[in-house]
Amino acid sequence: MAVKYEMSTKVDRGGKDRWQKIGVVMENDKGMYAIIDSIPVGFTGMVSFFVPKEKATVQSATPDADIPF
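As a starting point, this report considers the structure included with it. Predicted model only: the values in this text are computed from it and were never measured.

Conventions and cut-offs
Residues numbered from 1 in each chain as written. Predicted model: local features only at pLDDT ≥ 70, side-chain atom pairs only at ≥ 80, totals over all residues. Heavy atoms only, no water. Helix = DSSP H or I, 4+ residues; strand = E, 2+ residues; numbered from the N terminus. Buried < 20%, exposed > 50% of the residue type's maximum accessible area, 1.4 Å probe, protein only. Contact = heavy atoms within 4.5 Å. Salt bridge = Lys/Arg side-chain N within 4 Å of Asp/Glu carboxyl O. Pairing = 2+ DSSP bridges.

### Overview of the overall build of the protein
The secondary structure content of the protein amounts to zero helices and four strands. Starting at the N terminus and ending at the C terminus, the protein contains elements arranged as β-β-β-β. Evaluated residue by residue, the protein yields a buried proportion of 16% over its 69 residues. Pairs at least 24 residues apart make up 41% of the contacts formed inside the protein by residues separated by at least 6 positions.

What follows is the structure, encoded as structure tokens:
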């Protein structure tokens, strides 16, 4: 199973519109399906789908080999 899309909606935060992630769309051998994690207060029913961004890898300043365990 792989995440194909992230589901987001616009919410009003202090007079400004912000994107809030509400779930994901996944795919398996039988097709695609949605998993909804949350519904914000005042939800209008409008959902946008975005291709997920790749997560950046964080490199440690000191490699694990230098840690004396």
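### With respect to the pattern of salt bridges
Overall, the coordinates contain two salt bridges when judged by the stated rule. With a closest N to O distance of 3.3 Å, Glu-27 and Lys-4 form a salt bridge. Taken together, the residues Glu-27 in strand E2 (residues 16-28) and Lys-4 in strand E1 (residues 2-13) connect sequence positions 23 residues apart. Judged by its relative accessible area of 37%, Lys-4 is partly exposed. The closest approach of N and O atoms between Lys-21 and Glu-6, which form a salt bridge, is 3.8 Å. In this pair, Lys-21 is assigned in strand E2 and Glu-6 in strand E1, connecting sequence segments 15 residues apart.

### Looking at the pairing of strand E3 (residues 31-36)
Relative to E3, E2 runs antiparallel, the two being bridged by six bridges. Residue pairing in the sheet places Asn-28 in a bridge with Gly-31 of E3. Counting the residues that bridge the hairpin from E2 to E3 gives two residues.

### Some points on the environment of Asp-37
Within the secondary structure layout, Asp-37 lies in the loop between E3 and strand E4 (48-50). Residue Asp-37 is classed as exposed on the basis of its relative accessible area of 58%. Separated by 15 residues in sequence, Asp-37 and Ile-22 place their C-alpha atoms 5.5 Å apart. Excluding residues within four positions of it along the chain, Asp-37 makes contact with Ile-22 and Gly-23.

By themselves, these observations are geometric and do not establish any function.
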